[in-house]
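Overview (structure and organization)
Each chain, written out:
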Amino acid sequence: MSFAKLSKVPLALALAGAIGLFGHAATVRAADPIVLKGLLPWPADFIGSHGFLTFQKEVNKALKGKVIVSLIGGSEVVPPFEQFEAVRDGVVDVLMTAGAYYRATVPEAAASLGVKKFASELRPLGYTALMRKIHAEHGVYYHSHVGGTKGNGYRCYGNKKIASSDLTGLKMRVSPTYVPLVKGLNGTPILMKAGEVYTAMERGVVDGFCWTFLGIRDFGFHEVTKYVYDIPFYSNDTAVLINMKTWNGLPADIRKTIDDLAPAIEKAEEKFLTERNNQEDAALKKEGLEFIRLSDAETEKWLAAAYDAHWAEIEKKSPKYGKELRKFAD
């Protein structure tokens, strides 16, 4: 059964007490503040959630009580892979999430992984406008791309020293995002939940794992890891999405104010995550992890495995927009 159907009967009743599911926020009395119910796939104190917190702070500040963005929770309210349906169907008004969580519904959402420019560089090139067009077809307004990285959002880590891009014989923990990369490098991808990585590394079930730049110490992975395979790839694909009915129901001046905040929010995340990436590198070196870099030729092989497979999948899953999105790749 789809989330859309569930949300109309038992799930709607279950969520009503927790998030005030009594109709769209934009239909309240004019004298009342407009409350936009927000949702995250991760805990609010996780580094990946920072983009939502910036959006929330800036909107609440700019609209001075006319609009209040309220965070109702994360995966304990709605599972991450069902959250896009929640914002699309109006169960919540605002969602910040990763494209990986809803690429099954909107395959183009994952395109952000394959771009190598900051959101502030992509916006004037027409990337944001195209993503808005695509998301509008699914009943959602694409507000901003808050990934904050440019081709340096992800990398791999391991307990075996490598001298080339050939991972033959290495078992690498992956999520679906990394499967084409590891296969392309002749490694063995092992699908595994985040909560299982520490024990798997500790017991040698896997030789390494692919992850974002950040969060290694949050999960304690540095305690069971020797090497950082320092070949950055992909950009974070997080975006702020708004239910289209909620968005269209807001007064025009409020929509303009929220829209006008988007470029500054994107720039703020770029600055924040660049600084945090640098801090994380310094911290991991202090913890004793050895950073491995490869020759230019081997690095090119690594990156080709990541990007060629990624864009091939985008074009296959989105014959309508895939080629147009790929123009933003470099």
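Before reading further, recall that the structure is shown in the block above.
No experiment lies behind these values; they were computed from the predicted model shown.

**Comments concerning the sheet that holds strand β6 (residues 171–174)**
Remark on secondary structure: sheet strands pair via backbone hydrogen bonds, oriented parallel or antiparallel. One open sheet holds the six strands; their spatial order is β7-β6-β8-β5-β9-β11, and the pairing between them is mixed. In the strand order of this sheet, the two ends are held by β7 (188–191) and β11 (290–292), each with one partner. For this sheet the average axis-to-axis angle between neighbouring strands, irrespective of direction, equals 30°. Summarising the sheet, strand β5 (residues 154–158) and strand β9 (residues 227–233) pair through four bridges and their orientation is antiparallel. In the strand pairing of β9, Y154 is matched with F233.

**Quick word on the packing of aromatic side chains**
A full pass over the atoms with the stated rule returns 20 aromatic pairs. Judged by centre distance (5.4 Å) and plane angle (80°), the ring pair of Y127 and F328 falls under edge-to-face. Linking Y127 in helix α6 (residues 127–136) with F328 in the segment after α12 (322–326), this pair joins segments that are 201 residues apart in sequence. On the accessibility criterion, Y127 (1% relative accessible area) is buried. For the pair Y157 and F209, a centre-to-centre distance of 5.1 Å together with 15° between the ring planes defines the contact as stacked. Of the two residues, Y157 is situated in strand β5 and F209 in strand β8 (residues 208–212); the sequence distance between them amounts to 52 residues. The exposure class of Y157 is buried, given its relative accessible area of 0%. Overall, F209 belongs to the buried group, its relative accessible area being 0%. Pairwise contacts between aromatic rings join W42, F46, F81, Y101, Y157, F209, W211, F219 and F221 into one cluster. Lying across the ring of Y307, K116 places its NZ or CZ 4.2 Å from the centre. Above the ring of F291, the side-chain terminus of K285 is found at 4.9 Å from the ring centroid.

Conventions used here
Residues numbered from 1 in each chain as written. Predicted model: local features only at pLDDT ≥ 70, side-chain atom pairs only at ≥ 80, totals over all residues. Heavy atoms only, no water. Pairing = 2+ DSSP bridges. Helix = DSSP H or I, 4+ residues; strand = E, 2+ residues; numbered from the N terminus. Axes fitted to C-alpha atoms, helices over the stretch in contact; angles between N-to-C directions. Phe/Tyr/Trp six-rings, centres within 6.5 Å; stacked < 30°, edge-to-face > 60°. Buried < 20%, exposed > 50% of the residue type's maximum accessible area, 1.4 Å probe, protein only. Lys NZ or Arg CZ within 6 Å of the ring centre and 35° of its normal.

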